[in-house]
Structure formats: C-alpha cells, structure tokens
Amino acid sequence: MATVRLLAFADLHLGKKKSPGVQWAYESLAGAAIRPDAIVFTGDLLDKKKATEADLADGIALFRHITRDLTLPLVHVWGNHDVGSGMIPRFPDLPGVHRPRGDGIEEIRVPGVPLLFHAANVVADPDPRDLLKDLPRVNEPGHVGVLHTEVEGQYTKNPCLPTTQEHLLSRGYGACLLGHVHSPVVLNDDPWIGWIGMGEMLEIDIPALG
Ligand SMILES: [Mn+2]
C-alpha cells in the first residue's frame, strides 16, 4: 500500500522563554531523516503573552521557508495562543499553506498529497466548543486529523476543543496529530493519536487514500 510521509511539529510558542525557537524548526526540518511529502503544524505558532512583531515576522518567514525553500506544502491550524496573540488577522495568505478558512471542521486537500486532512481552527481563548463531535467517521485509509485540543483535559487545565480518545479513535483516521499539550504524549500507538509536543519533530508514514 502506498504511504504518505509527514513531518509534524506543534506548539512553537514564538516569544515564550521556553520556546525552542524558529532556529530549532529550521534545523529540525533540515536534519530530518526523511524527505516528507508534506509538513503539518498543529497550532500555537505564537505565544499569546510574549510574541512580538519580530516573532510574527519569524513565524511568517518559517512558513515561507517550508513552502518556497523546501518546496513542501504545509497544513496547519490555529491554536488558542495564536488567537490570544491577536496577530492572526495580520498573518498573510501564503501559497502552499493550507488551513481551515472558517470556524468549523473542514476537509483539506493538498495537491499531489493523497490524504484528506480533517482540521479545525481554535477561534477563541479559551475555546470550549463541543465541535469535534462532528468530525466525520470514515472507513478507508488516507484520513488524518489535525487538531489543537485538550482531548479529555488529562494533561492541561486550559479548555480547548474537548473530545475523547475513544471518539478520535472511532473516526477511523490513519493518525490524529494534536497540539496544545507541550509534552509529547502518545494516546494510541496504531493508528497514532497524540500530542507531538514542543520541540519535537514527528516523522510518520500514513497509508494513502485508495
Ligand atoms: Mn494551546
């Protein structure tokens, strides 16, 4: 079966003292053992308390680097810190960067990448909406969840698009790539469901759409 290779990272929190920083992202992307088909970022690019103009510019430059220099498509969602930073309206539309356009769950297709991403932006900080109950259930390979969520709140006290591990597993996706919790946590091995964690670059192969 054909597989799609993804590199995924999360919770960069540019501006935060503990952020691994954009330099970490550049180096980790360059140093990856695989040449991926696409990059995924699961939200909180900017820290809501600490991000400055320079951090916003760094975030935009990183996304441009991925799409222009590495010539890879980027799929991402906004997190609660991105919302709280107030800077999302000033983030430009960049060719090759794919994100939900509205405030619901959206299907994202990337030209040349045989996957269907199910993604949702966080739109408030906090965002306690029971939105993820509407994630579509599928019965074929090639579907991936890209979400910024607390799941059941086991690892964070910040409410964010709550759901359950059981619900995510029952959607039938090849993986659910999560942001919001800063420690890497694997909720389910196969299919992979978990938080990638701050300063981690996840390499994952996912069976392609038939
Ligand atoms: Mn978050």
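Above this note sits the structure.
To keep things clear, this report deals only with the structure shown in the data block. (Residues numbered from 1 in each chain as written. Predicted model: local features only at pLDDT ≥ 70, side-chain atom pairs only at ≥ 80, totals over all residues. Heavy atoms only, no water.)

Considering the pairing of strand β10 (residues 192-195)
And step 1. Here β10 shows two buried faces, one formed by Trp192 and Gly194 and the other by Ile193 and Trp195.
And step 2. Here strand β8 (residues 175-179) pairs with β10 via four bridges, running parallel. If you follow Leu178 over to β10, its bridge partner there is Trp195.
And step 3. Note that strand β9 (residues 185-188) and β10 share three bridges and pair antiparallel. Residue pairing for β10: Asn188 is matched across the bridge by Ile193.
And step 4. Hairpin connection between β9 and β10: a loop of three residues separates the two successive antiparallel strands. (Buried < 20%, exposed > 50% of the residue type's maximum accessible area, 1.4 Å probe, protein only. Helix = DSSP H or I, 4+ residues; strand = E, 2+ residues; numbered from the N terminus. Pairing = 2+ DSSP bridges.)

A word on the side chain of His118
And step 1. Residue placement: His118 occurs in strand β6 (residues 113-120).
And step 2. Setting aside anything within four residues of it in sequence, one finds His118 in contact with Glu106, Glu107, Leu135, Pro136, Val138, His143, Val144, Gly145, Val146, Leu147 and Tyr173. (Contact = heavy atoms within 4.5 Å.)

Considerations on the sheet that holds β9
And step 1. The strand order β5-β6-β7-β8-β10-β9 describes an open sheet built from six strands, whose pairing is mixed. The sheet terminates laterally at β5 (105-110) and β9, the two strands that pair on one side only. Sheet twist, expressed as the mean angle between neighbouring strand axes with direction ignored, is 20 degrees. (Axes fitted to C-alpha atoms, helices over the stretch in contact; angles between N-to-C directions.)

Some remarks on the sheet that holds strand β11 (residues 202-207)
And step 1. Spatial strand order, β4-β3-β2-β1-β11: five strands in an open sheet with mixed pairing. A single partner strand is all that each edge strand has here, and the edge strands are β4 (97-98) and β11.
And step 2. With four bridges joining them, strand β1 (residues 3-9) and strand β2 (residues 38-41) adopt parallel strand pairing. By the bridge assignment for β2, Phe9 is matched with Phe41.
And step 3. Sheet strands touched by helix α2 (residues 53-69): β1, β2, β3 (74-76) and β4. Its angle to β3, the strand with the most contacts, is close to 140 degrees.

Observations concerning the pairing of β11
For a regular strand, the rule is simple: side chains alternate between the two faces of the sheet.
And step 1. Every second residue of β11 is oriented toward a common face, the buried set being Leu202, Ile204 and Ile206 and the non-buried set Glu203, Asp205 and Pro207.
And step 2. Where β1 and β11 come together, six bridges link them in antiparallel fashion. Counted as the bridge partner of Ala8 is Leu202 from β11.

Thoughts on the packing of aromatic side chains
And step 1. Evaluation of the coordinates by the stated rule reveals six aromatic pairs.
And step 2. Ring centres 5.5 Å apart and planes at 70 degrees place the aromatic pair Tyr155 and Trp195 in the edge-to-face group. Taken as a pair, Tyr155 in the loop between β7 (143-148) and α4 (165-170) and Trp195 in strand β10 lie far apart in primary sequence, 40 residues in all.
And step 3. Ring-pair connections join several aromatic residues into one group, and the members of that group are Phe9, Trp24, Phe41, Phe63, Trp78 and Phe91. (Phe/Tyr/Trp six-rings, centres within 6.5 Å; stacked < 30°, edge-to-face > 60°.)

Remarks on the state of the cysteines
And step 1. Considering all chains together, one arrives at zero disulfides under this definition.
And step 2. Not engaged in a disulfide, the cysteine Cys160 finds its nearest cysteine sulfur in Cys176; these two sulfurs lie 15 Å apart.
And step 3. A relative accessible area of 1% means that Cys176 is categorised as buried. (Disulfide = S-S within 2.5 Å.)

Some points on unusual backbone geometry
And step 1. Omega for the peptide link from Asp125 to Pro126 comes to 5 degrees, which places this bond in the cis form.
And step 2. Here Pro126 is to be found in the loop between β6 and β7.
And step 3. Look at the link from Asp190 to Pro191: it is a cis peptide, with omega at 5 degrees.
And step 4. Assignment of secondary structure puts Pro191 in the loop between β9 and β10.
And step 5. In the Ramachandran plot, Asp11 falls in the positive-phi region, its phi being about 45 degrees despite a non-glycine side chain.
And step 6. Note on placement: Asp11 falls in the loop between β1 and α1 (21-30).
And step 7. Phi is positive for Val151, which is not a glycine, with a value near 55 degrees.

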